[in-house]
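As a plain string of letters, each chain reads:
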Amino acid sequence: MNYLSWTADGVRIYLDEGTVFLTYDELMLYIVVIGLCVGLMIGVVVSYFTRINSHRAVKALIFDGCLSPDTAKTVGELNTRKKQQVKRIIKNGRHLDKVIICANIDDFPKESLKGFGKFWKKNILGKEPAVKLDFDRARFYIPEEKKIHAEVRYSNEGMSPAALVITLIVLAGVAVAALYLIPDLITMAENVFGK
């Protein structure tokens, strides 16, 4: 039967194969290393899917020749089968604000903030209130000078699914190696430099 026992010096883990004792320092080290590894893994996965989704919106605008305010199109006019997905990407993709521009942004009202929200956004963040876009009328384009930047930054060739899986496996391997090596390195450092 497996269970944990908390003592004044650390944690004793009773397993079927035997007993493992961890001091609180070792336990904290394990928690930090595992937490960093899980955080990096989540970051890699989110980055991968954000890049793929952003590529769809950028590709749709470039493919349709939306490279100036005159050639800007609404999401409904774009030549893509995934119009709802492109709409969601543009709506939620704050990272795309510098690349994808709304040609008729002056036609839409700004959000009305009151009280602390208005003070925070204007005085602390230094931002103007956001614009409430109507995606049935909003016309989007990528400026000609940002076309190459957008194609490179949001290209679909950045990482394949196989590379994603390999990256996650390598991160897990580094975490496991760190769990075994760091306690030994700390012990060596204490022996060399003293406690």
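Residues numbered from 1 in each chain as written. Predicted model: local features only at pLDDT ≥ 70, side-chain atom pairs only at ≥ 80, totals over all residues. Heavy atoms only, no water.

### Considerations on the overall build of the protein
Move 1: Assigned secondary structure in the protein consists of five helices and five strands.
Move 2: Listed by position from the N terminus, the elements making up the protein come as β-β-β-α-α-β-α-β-α-α.
Move 3: Within the span of the protein, comprising 195 residues, buried residues form 26% of the whole.
Move 4: Carbon and sulfur atoms make up 61% of the accessible area of the protein, which amounts to about 13500 Å² in all. (Helix = DSSP H or I, 4+ residues; strand = E, 2+ residues; numbered from the N terminus. Buried < 20%, exposed > 50% of the residue type's maximum accessible area, 1.4 Å probe, protein only. Areas by Shrake-Rupley, 256 points an atom, 1.4 Å probe, with all protein chains shown as cover.)

### Describing the packing of helix α1 (residues 24-63) against helix α2 (residues 83-92)
Move 1: Where α1 meets α2, the closest approach of the two axes is 9 Å, and the angle between their N-to-C directions is 110°. With respect to α2, the element α1 is oriented roughly perpendicular. Packed against α1, whose contacting residues are N53, S54, R56 and A57, the element α2 presents Q85, V86, I89 and I90 at the interface.
Move 2: Grouping the constituent residues of the contact of α1 with α2 by class yields four nonpolar, three polar and one charged. (Axes fitted to C-alpha atoms, helices over the stretch in contact; angles between N-to-C directions. Parallel < 35°, antiparallel > 145°, perpendicular 65-115°, else oblique. Contact = heavy atoms within 4.5 Å. Nonpolar A, V, L, I, M, F, W, Y, C, P; charged D, E, K, R; others polar.)

### Remarks on the pattern of salt bridges
Where side chains of opposite charge bring their charged atoms close, a pairing between them can arise.
Move 1: A full pass over the atoms with the stated rule returns two salt bridges.
Move 2: Between D64 and K73 there is a salt bridge; the shortest N-O distance is 3.8 Å.
Move 3: On the basis of relative accessibility, which here comes to 25%, the residue K73 falls in the partly exposed class.
Move 4: The residue R139 makes a salt bridge to E77 at a minimum N-O spacing of 3.4 Å. With R139 in the loop between α3 (115-124) and β5 (140-141) and E77 in the loop between α1 and α2, this pair connects stretches of sequence that are 62 residues apart. (Salt bridge = Lys/Arg side-chain N within 4 Å of Asp/Glu carboxyl O.)

### Observations concerning α2
The α-helix winds at 3.6 residues per turn, so residues separated by three or four positions along the chain end up facing the same way.
Move 1: Residues of α2 that are buried: Q85, V86, I89 and I90. Viewed end-on, α2 has its buried residues packed into an arc of 130°, placing them on one side of the element. Residues of α2 that are exposed and angled more than 90 degrees away from the buried face: Q84 and N92.
Move 2: Buried residues along α2 sit in contact with α1 and β5. (Arc of directions from axis to C-beta.)

### A word on a positive patch on the surface
Move 1: The grouping of R56, K59, R81, K82 and R88 at the surface amounts to a positive patch.
Move 2: Inspection of the secondary structure assignment puts R56 in helix α1.
Move 3: Among the residues examined, R56 registers a relative accessible area of 31% and is labelled partly exposed. (Patch = residues over 30% accessible without salt bridge, like charges linked within 9 Å, V, L, I, M, F, W, Y side chains within 5 Å. Lys, Arg positive; Asp, Glu negative; His and termini not counted. Charge placed at Lys NZ, Arg CZ, Asp CG, Glu CD.)

### Observations regarding the environment of R51
Move 1: Here R51 is to be found in helix α1.
Move 2: Separated by 106 residues in the primary sequence, R51 and E157 place their C-alpha atoms 9.6 Å from one another.

### Describing the layout of surface pockets
Move 1: Of the pockets and cavities examined, the second largest pocket occupies roughly 240 Å³.
Move 2: In terms of lining residues, the second largest pocket is bounded by twelve residues, among which R56, K59, A60, T80 and K82 are the most central.
Move 3: When its residues are assigned to classes, the lining of the second largest pocket shows four nonpolar, four polar and four charged. (1 Å grid on protein atoms, 1.4 Å probe; cavity = no way out; pocket = protein on both sides within 12 Å on 5 of 7 lines; lining within 4 Å. Points joined across faces, edges and corners; volume = space filled by probe spheres on them.)

### A word on the nonpolar core
For soluble globular proteins, the rule of thumb is that nonpolar side chains tend to be buried together.
Move 1: Core analysis: the biggest nonpolar cluster contains 25 residues, and V58, L61, I90, I100, F140 and I142 have the highest contact counts within it.
Move 2: Of all the secondary structure elements, the ones that give two or more residues to this core are α1, α2 and β5.
Move 3: Residue contacts for I100: discarding those within four places in its chain leaves A57, V58, L61, I90, F140, Y141 and I142.
Move 4: The next biggest cluster of nonpolar side chains, apart from the first, holds seven residues, and it includes L29, V33, A175 and A178. (Core = buried A, V, L, I, M, F, W, Y, C linked by side-chain atoms within 4.5 Å.)

### What about the confidence of the model for the protein?
Move 1: Overall, the prediction assigns the protein a mean pLDDT of 79, with 81% of residues at 70 or greater.
Move 2: In the model of the protein, α3 stands out as the element of lowest mean pLDDT, 67, in contrast to β5, which has the highest, 86. (pLDDT = per-residue confidence, 0-100.)

### Some thoughts on helix α5 (residues 161-193)
Move 1: Counted at 1.5 Å a residue, the expected span for α5 with its 33 residues is 48 Å, and the 46 Å between its end C-alpha atoms agrees.
Move 2: The sharpest bend along α5 measures roughly 30° and falls at L179, with the proline P183 sitting one to four residues further on.
Move 3: Within α5 the residues assigned to the buried category are L164, L171, A175, A178, L179 and P183.
Move 4: Looking at the packing, one finds that the buried side of α5 touches α1. (Expected span 1.5 Å × (residues − 1). Bend = angle between axes of the 7 residues up to and from the residue.)

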